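Below are the chains, spelled out letter by letter.
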Amino acid sequence: VRRVLVVDDEAPLSALIAEILEAEGYTVDTAINGLAALAHIERNDYDLILSDLRMPELDGPGLYRELARRRPEMISRIAFVTGSAQSSGMEQFLEKTGAPILYKPFRMEDLQKLAAELQAQQKELQQTNDQLGQQAQQLAEQNAEVERKNQQIEQARRALEEKAEELALTSKYKSDFLANMSHE
């Protein structure tokens, strides 16, 4: 089940977005601000978080920062919905995050496209994560094999040292024996 959290202080807009996404097969939760969104995020995983930028109590940038701190794996799942990002601080924030932006008013197709793009991106990230997990497993196995071989080499080195000591001792006994024989 694909799950979406819509965070907007405009209840009619949240309801409209929820209706559109539910028609696309998503399960949708809504929150009136960033604080309410965090409560949802503590209890659920979301495939997509659509957040307004400007809201009372905790705005979109504040939600983003808290999400980065509490659930960093969900950062790539956030997109912002806004009427405008005209302040330089907001523009810098959006540029820094690289998060997708949906400008109000938007068409239903724009919302559907954004949701589909983010879902495809998440699928790609999951595949990459799975591949990295497999590679990490292979590296761990190779590392264990190298460690086993290092232990075998160390055992062989110790055995060679023992043999070298035995040979040195045998050589000394032989020299002593020959020296004693030549004196007699």
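Note that the structure is a prediction, hence the values are computed from the model and not measured.

**Student:** Describe the overall build of the chain, and please don't skip the residues or the numbers.
**Tutor:** When you go through the chain residue by residue, the secondary structure sums to 5 helices and 5 strands. Tracing the chain from N to C terminus, the helices and strands come up as β-α-β-α-β-α-β-α-β-α. For a compact globule of 184 residues, the expected C-alpha radius of gyration is about 16 Å, and the chain comes in at 33 Å, more than 25% above that figure. In terms of overall dimensions, the chain has a C-alpha envelope of 115 × 35 × 25 Å along the principal axes. Counted over contacts in the chain with a minimum sequence separation of 6, partners at least 24 positions apart contribute 63%. Total accessible area on the chain is roughly 12100 Å²; 51% of this is exposed by carbon and sulfur atoms. The distance from the centre of the 21 positive side-chain charges to the centre of the 32 negative ones in the chain is 4 Å.

**Student:** Please provide a residue-by-residue account of the pattern of salt bridges, values included.
**Tutor:** One pass over the structure, following the stated rule, counts 16 salt bridges. Here Asp 29 makes a salt bridge to Arg 3, at a shortest N to O gap of 2.8 Å. Of the two residues, Asp 29 is situated in strand 2 (residues 27-31) and Arg 3 in strand 1 (residues 3-7); the sequence distance between them amounts to 26 residues. Residue Asp 29 is classed as buried on the basis of its relative accessible area of 15%. Between Glu 42 and Arg 70 there is a salt bridge; the shortest N-O distance is 3.6 Å. With Glu 42 in helix 2 (residues 34-43) and Arg 70 in helix 3 (residues 60-70), this residue pair connects regions lying 28 residues apart in the sequence. The class for Arg 70 is partly exposed, based on a relative accessible area of 37%.

**Student:** So what's going on with unusual backbone geometry? Residues and values would help.
**Tutor:** Phi at Glu 57 is positive, roughly 70°, even though this residue is not glycine. Looking at the element boundaries, Glu 57 is found in the loop between strand 3 (48-52) and helix 3.

**Student:** An account of the nonpolar core is requested, with residue identities and associated values reported.
**Tutor:** Ranked by internal contacts, the top residues of the largest apolar core, which has 22 residues, are Leu 5, Val 7, Ile 41, Ile 49, Ile 78 and Phe 80. When contributions to this core are tallied by element, the ones reaching two or more residues are strand 1, helix 2, helix 3, strand 4 (78-82) and helix 4 (88-97). Among the nonpolar cores identified, the runner-up in size contains 19 residues, and Leu 13, Ile 17, Leu 21 and Ala 115 belong to it.

**Student:** Go over the sheet that holds strand 3, please, and point to the residues and values.
**Tutor:** Read from one edge of the open sheet, 5 strands run 2-1-3-4-5, paired in parallel fashion. Every interior strand has two partners, whereas the edge strands, strand 2 and strand 5 (101-103), have only one. Taken over all neighbouring pairs, the strand axes of this sheet differ in orientation by 20° on average, direction set aside. Strand direction decides the pairing type here: strand 4 and strand 5, joined by 3 bridges, are parallel. Its bridge partner lying in strand 5, Val 81 is registered against Leu 102. Its contacts with the sheet put helix 3 on strand 1, strand 3 and strand 4, and the angle it makes with strand 4 is roughly 175°.

**Student:** Break down the packing of aromatic side chains for me, citing the residues and quoting the values.
**Tutor:** Tallying each qualifying case throughout the model produces 3 aromatic pairs. Between Tyr 64 and Phe 93 the ring centres are 5.5 Å apart and the planes differ by 85°, which places this aromatic pair in the edge-to-face class. A residue pair is termed long-range when its members are at least 10 positions apart, and Tyr 64 in helix 3 and Phe 93 in helix 4 qualify at 29 residues. Exposure remark for Tyr 64: the relative accessible area of 15% places this residue in the buried category. Taking relative accessible area as the criterion, Phe 93 reaches 11% and is therefore assigned buried. Cluster of aromatic residues (ring-pair linked, three or more members): Tyr 64, Phe 80 and Phe 93. Lying across the ring of Tyr 26, Arg 2 places its NZ or CZ 4.1 Å from the centre.

Procedures and definitions
- Per-chain numbering applies: the sequence of each chain, read as written, is numbered from 1 onward.
- Restriction of local features to residues with pLDDT of at least 70 applies here, the model being predicted, together with a cutoff of 80 or more for giving and counting side-chain atom pairs; totals for whole chains, interfaces and linings are based on all residues.
- Only hydrogens and water are set aside when side-chain values are computed; all heavy atoms of the structure are taken into account.
- Each helix is a run of DSSP H or I of at least 4 residues and each strand a run of E of at least 2, with the numbering of both proceeding from the N terminus.
- Throughout, radius of gyration means the C-alpha value; the globule benchmark is 2.2 Å times the number of residues raised to the power 0.38.
- Should any heavy atoms of two residues lie within 4.5 Å, those residues are considered in contact.
- Here the Shrake-Rupley method, with its probe set to 1.4 Å, supplies the accessible areas, and only the displayed protein chains count as covering residues.
- Counted as positive: Lys and Arg. Counted as negative: Asp and Glu. His and the chain ends are not counted at all.
- Every charge is mapped onto a representative atom, which is NZ of Lys, CZ of Arg, CG of Asp or CD of Glu.
- Salt bridges are counted wherever a side-chain nitrogen of Lys or Arg sits within 4 Å of a carboxyl oxygen of Asp or Glu.
- Here's how the labels work: a residue is buried when its accessible area is under 20% of the maximum for its type, exposed when over 50%, partly exposed in between, all with a 1.4 Å probe on protein chains only.
- Only buried Ala, Val, Leu, Ile, Met, Phe, Trp, Tyr and Cys residues count toward a nonpolar core, and they belong to the same one when joined by side-chain atoms within 4.5 Å.
- One bridge is not enough; two strands pair if DSSP finds at least two bridges between them.
- Axis definition: a line fitted to C-alpha atoms, over the contacting stretch in the case of helices. Angles run 0 to 180 degrees between N-to-C directions.
- Two rings belonging to Phe, Tyr or Trp (six-membered ring only in the last case) form a pair when the distance between their centres is within 6.5 Å. Interplanar angles under 30 degrees mark stacking, angles over 60 mark edge-to-face geometry, and anything in between is tilted.
- Distance and angle both matter: a charge sits over a ring if NZ of Lys or CZ of Arg is within 6 Å of the ring centre and within 35 degrees of the ring normal.

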